[in-house]
Amino acid sequence: MTPPTPLGLTGQTVDALRELVLSGEVAAGQRLNEVEVAANLGISRGPVREAIRQLASEGLLVLVPNRGAYVPVADAAEVTALFELRTALECAAAELAAARRSDGDLAGMRAVCAESRRTHKAGKRFPHHLDLAFHRTLLDAAASPRITEQVKLVQQRVVLLRSALRDDPPHQNASLDDHEALVDAIEAGDGKRAAEVMRTHLRRVCAQLIAAVGAEADAEDEQG
């Protein structure tokens, strides 16, 4: 981890800690070692405590009295609830993007799709940064700050769930196909089509996550 600079120390600590959690470096169910994080960042524990409180408010950490902060473990009910909210928000965003997008917005979405496809073809694990970047460019095109604010919170909680799961190349390829189909619909100004592609995409991702979470739970039961 790169030590934060004195300027905006708390904000940078929040970003550093968020990356630790979203990348899976601190695994689901694992306790976050406040002393260790502060030592690795070369800072005092005060900013780390503030960062922990911030991530807890975003749902990326759970504070357990007298035990500290843990990365939450999801179940099928949690996945379903997150995707119900995400579907409502992002289908609306997709429809708005089709009506409001600029040429620059389209170029941004196409660029992220191309980079994502290159990464997938190279056989690399699909980084959460690219998935978030695609949805961020779509939200930029939608130009709805309130939707954007809420989607970002939900999206990172989904990234957190996926960080602990094994790679699934066919699923990743299908997601890239969905992204490209979304851009086509948005470019055509077809809001209803864009919303439907988004709904289908999120429904499939939700089902894949529920199946993966269930498989992980079964594996843990067998080991226990």
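Numbering of residues starts from 1 in each chain and follows the order in which that chain's sequence is written. The predicted nature of this model means local features are confined to residues of pLDDT at least 70 and side-chain atom pairs, given and counted, to a pLDDT of 80 or more, with totals for whole chains, interfaces and linings taken over all residues. Side-chain metrics rest on all non-hydrogen atoms present in the structure, leaving aside hydrogens and water.

A. Just the overall build of the protein chain, in detail. A helix here means a DSSP run of H or I that spans at least four residues, while a strand means a run of E at least two residues long, and both kinds are numbered starting from the N terminus. Within the protein chain, the secondary structure is distributed over nine helices and two strands. When the helices and strands of the protein chain are read in sequence order from the N terminus, they spell out α-α-α-β-β-α-α-α-α-α-α. Only protein chains enter the area calculation, which uses a 1.4 Å probe; residues under 20% of their type maximum are buried, those over 50% are exposed, and those in between are partly exposed. Counting every position in the protein chain, which comprises 224 residues, the buried fraction comes to 44%. For this analysis, residues touch if any pair of their heavy atoms sits within 4.5 Å. For the protein chain, the share of sequence-separated contacts (at least 6 apart) that also reach a separation of at least 24 residues comes to 77%.

B. Quick peek at the pattern of salt bridges. The term salt bridge refers to a pairing of a side-chain nitrogen on Lys or Arg with a carboxyl oxygen on Asp or Glu at a separation within 4 Å. Summed over the entire model, instances satisfying the criterion amount to 15 salt bridges. Arg 86 is the partner of Glu 90 in a salt bridge, and the nearest nitrogen-oxygen pair spans 2.4 Å. Of this pair, Glu 90 and Arg 86 are both found in helix H4 (residues 76–100), four residues apart, which corresponds to roughly one turn of the helix. Arg 86 matches Glu 90 in its accessibility class, with the two residues each being buried. Asp 184 is the partner of Arg 110 in a salt bridge, and the nearest nitrogen-oxygen pair spans 2.8 Å.

C. Inspection of helix H3 (residues 45–57) at higher detail. An expected span of 1.5 Å times one less than the residue number is assigned to each helix. Between the first and last C-alpha of H3 there are 19 Å, a value that for 13 residues agrees with the 18 Å anticipated at 1.5 Å per step. Three or more residues of H3 are buried, namely Pro 47, Val 48, Ala 51, Ile 52 and Leu 55. Buried residues of H3, seen end-on, are gathered within an arc of 145° and therefore sit on one face of the element. Where the residues of H3 are buried, they touch helix H1 (9–22), helix H2 (34–41), strand S1 (62–64) and strand S2 (68–70). Once H3 finishes, Gly 59 follows within two positions and takes phi at roughly 85°, a positive value. In this context, the arc is that of the directions from the helix axis out to the C-beta atoms.

D. Spotlight on helix H7 (residues 145–163). For H7, which comprises 19 residues, the first-to-last C-alpha distance of 27 Å matches the rise-based estimate of 27 Å (1.5 Å per residue) to within 8%. Among all positions of H7, only Ile 147, Thr 148, Val 151, Val 154, Gln 155, Gln 156, Val 158, Val 159, Leu 160, Leu 161 and Ser 163 are buried.

E. Region of the structure containing empty space enclosed by the protein. Points on a 1 Å grid over protein atoms alone make up a cavity when a 1.4 Å probe fits among them but cannot get out, and a pocket when they form an open set with protein on both sides within 12 Å along at least five of seven lines; lining residues each have an atom within 4 Å of a point. Grid points are joined across faces, edges and corners, and a volume is the space filled by probe spheres set on the points. A full pass over the atoms with the stated rule returns one cavity of 30 Å³ or more. For the largest cavity, the lining is made up of 11 residues, of which Asp 131, Arg 162, Ser 175, His 201 and Val 205 are closest to its centre. Here the term charged refers only to Asp, Glu, Lys and Arg, the term nonpolar to Ala, Val, Leu, Ile, Met, Phe, Trp, Tyr, Cys and Pro, and the term polar to all other amino acids, Gly among them. For the lining of the largest cavity, the class distribution of residues is three nonpolar, five polar and three charged.

F. The nonpolar core, seen in detail. In this description, a nonpolar core means a group of buried Ala, Val, Leu, Ile, Met, Phe, Trp, Tyr and Cys residues linked to one another through side-chain atoms lying within 4.5 Å. Counting residues in hydrophobic clusters, the biggest one holds 39 residues, and the most contacted among them are Phe 83, Met 109, Phe 134, Leu 138 and Leu 182. For this core, the elements supplying multiple residues, two or more each, are H4, helix H5 (103–121), helix H6 (128–142), H7, helix H8 (169–187) and helix H9 (191–223). No other element matches the 10 residues that H9 contributes to this core. The contact partners of Phe 134, leaving out residues within four places of it in the chain, are Met 109, Val 112, Cys 113, His 179, Leu 182 and Val 183.

G. Representation of unusual backbone geometry. Here the phi dihedral of Asn 66 falls at roughly 65°; this positive angle occurs in a residue that is not glycine. With respect to the secondary-structure elements, Asn 66 resides in the loop between S1 and S2. With phi around 50°, Ala 143 is a residue other than glycine that occupies positive phi space. You can see Ala 143 is positioned in the loop between H6 and H7. According to the relative accessible area criterion, Ala 143 is partly exposed, its value standing at 47%.

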